[in-house]
Amino acid sequence: MDAVCALRGRDYFPLPGRDIAIEWPMELSLSTILQYIIAGVKIGSIYAMVALGFNIIYNTTGIINFAQGEFVMLGGMFMVTLSKLMPLGLAVPIAVLAVVIVGCMFERAAIWPARGASVIALIMITIGGALLLQGGAMLVWGKNSFPLRHFSSEEPILILGATIQAQTFWIIGVLAIVMVLLAAFFKFTMTGKAMRACAANRAAASLSGISVERMILFSFALSAGIGAMAGIIITPVTLVDYSCGSMYALKGFAAAVLGGLGIPTGAVVGGLIIGLMECFGAALPFQGASSYKDGFALVVLLVFLFAKPSGIFGRAAISELKKF
Amino acid sequence: MGKKNLLGLAALVAVLLLIPHLLGNPYYLGVLVWCGIYSLACMGLSLFMGYCGQISLGHAGFFALGAYISGILTTKAGLSPWPALGVALLGNLLVAFAVGVPALRLRGHYLAMATLGFGVIIYVVADGNPFGLTGGPSGFGGIPRLFPKFSLFGLIRSDDERWYYLVWGIVLVFLALLLNMVHSRVGRALRSIHGGEPAAKAMGINSARYKIETFLLSAGLTSLAGSFYAHYMGFVNPPPFGPMLSIHLVTMVVVGGMTNLWGAIAGTALLTILRERFRAFHEIGLLFDGFILILIMLLFEEGLFVGAAKRLRGVVSRRRPAGLPGGASRQTAGEG
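Residues numbered from 1 in each chain as written. Chains lettered and ligands numbered in written order. Predicted model: local features only at pLDDT ≥ 70, side-chain atom pairs only at ≥ 80, totals over all residues. Heavy atoms only, no water.

### Considering the overall build of chain B
Working step 1: Within chain B, the secondary structure is distributed over 14 helices and two strands.
Working step 2: The 336 residues of chain B split such that 56% are buried.
Working step 3: In chain B, the share of contacts with a sequence separation of at least 24, taken over all contacts with a separation of at least 6, comes to 77%.
Working step 4: When the accessible surface of chain B is summed, it comes to about 13800 Å², and 70% of that surface belongs to carbon and sulfur atoms. (Helix = DSSP H or I, 4+ residues; strand = E, 2+ residues; numbered from the N terminus. Buried < 20%, exposed > 50% of the residue type's maximum accessible area, 1.4 Å probe, protein only. Contact = heavy atoms within 4.5 Å. Areas by Shrake-Rupley, 256 points an atom, 1.4 Å probe, with all protein chains shown as cover.)

### Notes on the overall build of chain A
Working step 1: When helices and strands are counted, chain A shows 13 helices and two strands.
Working step 2: For chain A, long-range pairs separated by at least 24 residues make up 75% of all intrachain contacts whose partners lie at least 6 apart in sequence.
Working step 3: In the structure as shown, chain A presents an accessible area of about 13100 Å², 69% of it carried by carbon and sulfur atoms.

### Examining the interface of chain A and chain B
One frequently used descriptor of interface size is the decrease in accessible area upon assembly of the parts.
Working step 1: Listed as interface residues are 60 residues of chain A and, on the opposing side, 60 residues of chain B.
Working step 2: At the boundary of chain A with chain B, total buried surface from both sides reaches about 5400 Å², with 76% on carbon and sulfur atoms.
Working step 3: Counting across the chain A and chain B interface gives zero salt bridges.
Working step 4: Here chain A and chain B share three residue pairs in polar contact (both at pLDDT 80 or more) between them.
Working step 5: Where the side of chain A that touches chain B is concerned, the elements lending two or more residues are α1 (2-9), α4 (88-111), α5 (119-141), α10 (245-259) and α12 (293-307) of chain A.
Working step 6: Split into classes, the residues belonging to the side of chain A that touches chain B amount to 41 nonpolar, ten polar and nine charged. (Buried area = accessible area lost by both parts, 1.4 Å probe. Salt bridge = Lys/Arg side-chain N within 4 Å of Asp/Glu carboxyl O. Polar contact = N/O pair within 3.5 Å; in protein donor to acceptor, adjacent residues only side chain to side chain. Nonpolar A, V, L, I, M, F, W, Y, C, P; charged D, E, K, R; others polar.)

### Some details on a nonpolar patch on the surface
Working step 1: Taken together, the side chains of Leu-30, Ile-157, Ile-159, Leu-160 and Phe-169 of chain A make up a nonpolar region of the molecular surface, amounting to roughly 490 Å² of accessible area.
Working step 2: Position of Leu-30 of chain A relative to the elements: it lies in helix α2 (residues 30-61). (Patch = residues over 30% accessible without salt bridge, like charges linked within 9 Å, V, L, I, M, F, W, Y side chains within 5 Å.)

### Looking at the pattern of salt bridges
Working step 1: Scanning the model with the defined rule gives eight salt bridges over all chains in all.
Working step 2: Note that Glu-278 of chain A is salt-bridged to Lys-293 of chain A, the shortest N-O span being 3.5 Å. Placement of Glu-278 of chain A in helix α11 (residues 264-281) and of Lys-293 of chain A in helix α12 is noted, with a sequence separation of 15 residues between them.
Working step 3: The exposure class assigned to Glu-278 of chain A is buried, which follows from its relative accessible area of 2%.
Working step 4: For Asp-289 of chain B, the salt bridge is made with Arg-275 of chain B, and the minimal N-O distance between the two is 2.9 Å. Of this pair, Asp-289 of chain B sits in helix α12 (residues 285-299) while Arg-275 of chain B sits in helix α11 (residues 261-277); the two residues are 14 residues apart in sequence, bridging distant segments of the chain.
Working step 5: What makes Asp-289 of chain B buried here is its relative accessible area of 2%.

### Section: the packing of aromatic side chains
Working step 1: Here the structure, examined in full by the defined rule, presents 24 aromatic pairs over all chains.
Working step 2: Plain terms: the ring middles of Tyr-36 of chain A and Phe-280 of chain A are 5.3 Å apart, the flat faces sit at 70° to each other, and that makes the pair edge-to-face. In this pair, Tyr-36 of chain A sits in helix α2 while Phe-280 of chain A sits in helix α11, placing the two residues 244 residues apart along the sequence.
Working step 3: Judged by its relative accessible area of 2%, Tyr-36 of chain A falls in the buried class.
Working step 4: Ring centres of Trp-163 of chain B and Phe-228 of chain B lie 6.1 Å apart, and the angle between their planes is 80°; this geometry places the pair in the edge-to-face category. Of this pair, Trp-163 of chain B sits in helix α6 (residues 159-182) while Phe-228 of chain B sits in helix α9 (residues 207-233), placing them 65 residues apart in sequence. Pair check on accessibility: Trp-163 of chain B and Phe-228 of chain B agree, each one buried. (Phe/Tyr/Trp six-rings, centres within 6.5 Å; stacked < 30°, edge-to-face > 60°.)

### A short note on the confidence of the model for chain B
All names here are of chain B.
Working step 1: Of all residues in chain B, 90% attain a pLDDT of 70 or more, and the chain-wide mean is 84.
Working step 2: Mean pLDDT across the elements of chain B bottoms out in helix α14 (residues 326-335) (38) and peaks in helix α3 (residues 59-75) (94).
Working step 3: Note on residues 320-336: pLDDT under 50 across the span, and 21 contacts to partners over four residues away in sequence or across chains.
Working step 4: Interface confidence for the predicted complex, given as ipTM, is 0.83, next to a pTM of 0.86. (pLDDT = per-residue confidence, 0-100.)

### What to know about α12 of chain A
Working step 1: In this model α12 of chain A runs 22 Å from its N-terminal to its C-terminal C-alpha over 15 residues, within 8% of the 21 Å that 1.5 Å per residue would give.
Working step 2: With eleven of its 15 residues buried, α12 of chain A lies for the most part within the structure.
Working step 3: The complete set of buried residues in α12 of chain A reads Lys-293, Asp-294, Gly-295, Phe-296, Ala-297, Leu-298, Val-300, Leu-301, Leu-302, Leu-305 and Phe-306 of chain A.
Working step 4: Those residues of α12 of chain A that are buried are in contact with α10 and α11 of chain A together with α4 (81-103) and α5 (108-128) of chain B. (Expected span 1.5 Å × (residues − 1).)

### Points about the side chain of Ser-223 of chain A
Working step 1: Considering the arrangement of structural elements, one finds Ser-223 of chain A in helix α9 (residues 212-238).
Working step 2: Those residues in contact with Ser-223 of chain A that lie beyond four places of it in its chain are Gly-53, Ile-56, Ile-57, Gln-68 and Phe-71 of chain A.

### Regarding unusual backbone geometry
Working step 1: Its identity as a non-glycine residue notwithstanding, Leu-239 of chain A has a phi of 70°, on the positive side.
Working step 2: Examined against the element boundaries, Leu-239 of chain A turns out to sit in the loop between α9 and α10.
Working step 3: A relative accessible area of 41% places Leu-239 of chain A in the partly exposed class.
Working step 4: Even without glycine at this site, Phe-131 of chain B takes up a positive phi of about 55°.

Structural data, given as structure tokens:
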């Protein structure tokens, strides 16, 4: 029965985030509803940031980067290690930088050499990248889950009968800052404009003297950085282990599709909707609803992919022209 | 089916008949049973990916459905194994139809994500223990034997040997059928869809119909593999059916060479045996899988065997090594 033990012992795909599961029956008062909303916005902000990362790479390359969730995981992992050595203010930028370097290396080693390959090949390559990063993290940090201390006080704040951790404000704040910075970057800087030009038409951008190669590298750096940031701020709430990335990637992708792939506003709205739905779904009135909450985001993903692949904010005519 | 394939089949039969007499350790026979079970799933997937040019990251879902339906019907509803296997197959085909009709209108990355989502939904449901049927995260055991103990006049000595002959017998039957199919009008139609769907449609090929039929075929084969898994293990739990299984199946197909049914079997055998051999080092299993996927995709898009053979020929004849082999460029052309 060697095989049985081996299969039992090796948990391929743990489902993360069980900590915010709420068991039925439960009274639906204003304060519990508020509690769900807060939990939903908290986790939804993370999905939103993952979705933003998907969008940036998708826009410049037309690739869906299946390794996007691993950037979140790596951000959390580096942060856990660094926070033991130095103050938070220093650890955060170094952790982000480390993940950015990993993202750039991944692009140089696997994505750039594969330009012009078929879609199936590109999908397999980013999946391969995800496995490599997961496997690497497992070798470096092992299979344990790691906690991280909250950025500020761990004392929850009471608002209208709902308890809010201070970390929630950090998460929402970071999402807001990332959004503002990204918007400013794409609107006002030359690099940002060049990246938008790549998104509109790579060939034309290249003809007008934009180095598409550099823009693609840059998009991987940028989305690795955003992913790392998401990992850093969510780890105090959910813990981090080597395998937690794939679920973030799936739900982040669901968020991106829900809002319309490639549309930044869509990513944020999609992320928040998925987060809220998950938390309210966990409170649905049937036995053990919370154990299915990971499925809700995916059901939404399938419904949208089947019924309206262009998402809430996308237009069908435009998505027809896009290459998948 | 072609002379080459007939010879290949004959050679495979001969090798398969010889192996049990050469292997001393029954453990190796068990590994070969696993090769056969995964080969079943991979043949269907190879047809769907290599010939039809689609992608599925959700075949673990069909595998799990096959295993769980077989397991539940035999342990909790008291059905005997073969009818249960039939019901599992039917159930799987229904699910595959319901998912496939809308999903196969999608292409590339969207199709990949939709199928991945489907697979994870099945996993989450199995993990959640609906109506107390699946046993939740710890699963359930006690799944009965698939067939009585027969010995064929003392020729067959152990249970693993019985499984070995049964599974590989079924693999051979399906391999022969599928080889026949891909060398027929249907196979040419599938390849034309891979080459470029608009062009195939313009030639009067009902591409939507062919795609869904191939999807159903591959889901059915994967369901069989799942049912065999359940009866062979006697026990099912969710972890082996996570999205990693889908990725493993795709890796096996890709390593062997997507555009070749023989490749599916060769890739499955190679990776299953390697995994078993290096089980002690399974810490690096993920790294290994990742490296293999990226390397194969960057260097030999046609698969390890065909790609390496072409390279070798290129080196031997002192010509420029085939940077992008013909098959790969054809695939790229089909993407636009």
